[in-house]
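Each chain, written out:
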Amino acid sequence: MAWTERQQSMLQAMGLRVWSPAAGTDAQAGDEAAVPEALEPPQARAAPAAPVSAPVSAPGRAGQTADRAPAAGRAAAPAPAAIPAEAAAAPSTLRAPATGIASPVAALDWPALREAVAGCRACGLCESRRQTVFGVGGARAHWMVIGEAPGEQEDREGEPFVGASGQLLDRMLAALGVSRDAEDSEPARQVYIANTLKCRPPGNRNPAADEMARCEPFLVRQIELLQPRIILAMGRFAVQALLRTTDPIGKLRGRVHSYQGVPLIVTYHPAYLLRNLPDKAKAWEDLCLAAATAERAGG
Ligand code: URA
């Protein structure tokens, strides 16, 4: 089986190299697995990416602006995966997880929420941050990416994922045909990016449980206001916060979860992928699953 053009452009976008007879790379004849660009020992070879069946078409919407994302870069859909019934339809309302504590944040609109985040002093991270990092992307975006916490560059620039992992994230998103800068495009091409924590943990240490808990109402409200059609949770802190589990990513990825009725796909954090190139192939499978799920959820 040969990779389709669409599959190849997605793999390339993620920095994966594919063997093809025409390209004449150094991979073994007949080896169709995606191979990370960097050299890797044979035992570290990633599993072949899941075969794909049908291309994911752009879910067009009447009366909206033309698509600016490159069609060739769109993800191809993998074999259908089960989507929980409640996740298949876009929810009209979302509720915060039942913590038993009513949060005043739950009533805020976008500008008020941004202001509340900017002035937050609920945990010690406010002492060391340069600024808060709220989120970026179209407020009508169908896609939502949730990462961990700002790093040094994000703390400096006030925008999530602007460092090295952000560049990989942008390539992954481009492979899906969505962008943080696509506010003039149809919502299906837009992604909103937010973090679990809005302030940088000093020295990029892991988020602490109490910091996550105090920051959570902001993320919950962002999700409520956005009402995404699909959530891509990247890395263990985002996944743990959203799914209330301590299971590792490896155990959770590969199926469709649900957050308050919104389909949620678990995948590796881009910073992890930069250090673990073989797992890029798995992340590609996750993106395929996300693309197919978004298509079926109407977005
Ligand atoms: N890693 C994240 O999880 N978020 C960012 O904004 C930057 C790096």
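As a starting point, this report considers the structure included with it. (Residues numbered from 1 in each chain as written. Predicted model: local features only at pLDDT ≥ 70, side-chain atom pairs only at ≥ 80, totals over all residues. Heavy atoms only, no water.)

A few points about the environment of Ala 122
- Here Ala 122 lies in the loop between helix H3 (110-118) and helix H4 (125-128).
- Residue Ala 122 is classed as partly exposed on the basis of its relative accessible area, which comes to 34%.
- Counting along the chain gives 93 residues from Ala 122 to Cys 215, while the straight-line C-alpha distance between them is 7.9 Å. (Helix = DSSP H or I, 4+ residues; strand = E, 2+ residues; numbered from the N terminus. Buried < 20%, exposed > 50% of the residue type's maximum accessible area, 1.4 Å probe, protein only.)

A word on the sheet that holds strand E7 (residues 230-234)
- Pairing within the open sheet is mixed, and its 5 strands lie in the order E6-E5-E7-E9-E8. Looking at which strands have only one partner, the edges of the open sheet turn out to be strand E6 (191-195) and strand E8 (256-259). The mean angle between the axes of side-by-side strands here comes to 30 degrees, regardless of whether they run parallel or antiparallel.
- As paired strands, strand E5 (residues 143-147) and E7 are joined by 4 bridges and run parallel to one another. (Pairing = 2+ DSSP bridges. Axes fitted to C-alpha atoms, helices over the stretch in contact; angles between N-to-C directions.)

A look at the site of the ligand
- Looking at the ligand, the residues that line it are Gly 147, Glu 148, Ala 149, Pro 150, Glu 154, Pro 160, Phe 161, Ser 165, Asn 195 and His 269.
- Taking Glu 148, its main chain carries an N or O atom lying 2.6 Å from an oxygen atom of the ligand.
- Ala 149 places a polar main-chain atom, nitrogen or oxygen, 3.1 Å from a nitrogen atom of the ligand.
- Here the ligand has 240 Å² of accessible area as a free molecule, and 92% of this is covered by the chains.
- Residues of the shell around the ligand, tallied by class, amount to 4 nonpolar, 4 polar and 2 charged. (Near = heavy atom within 4 Å. Polar contact = N/O pair within 3.5 Å; in protein donor to acceptor, adjacent residues only side chain to side chain. Areas by Shrake-Rupley, 256 points an atom, 1.4 Å probe, with all protein chains shown as cover. Nonpolar A, V, L, I, M, F, W, Y, C, P; charged D, E, K, R; others polar.)

A look at the pairing of E7
- Counting buried residues along E7, 5 of its 5 residues qualify, which places the element largely inside the surrounding structure.
- Residues Ile 230, Leu 232 and Met 234 line one face of E7 and the alternating positions Ile 231 and Ala 233 line the opposite face, and both faces are buried.
- With 4 bridges joining them, E7 and strand E9 (residues 262-267) adopt parallel strand pairing. Residue pairing in the sheet places Ala 233 in a bridge with Val 266 of E9.

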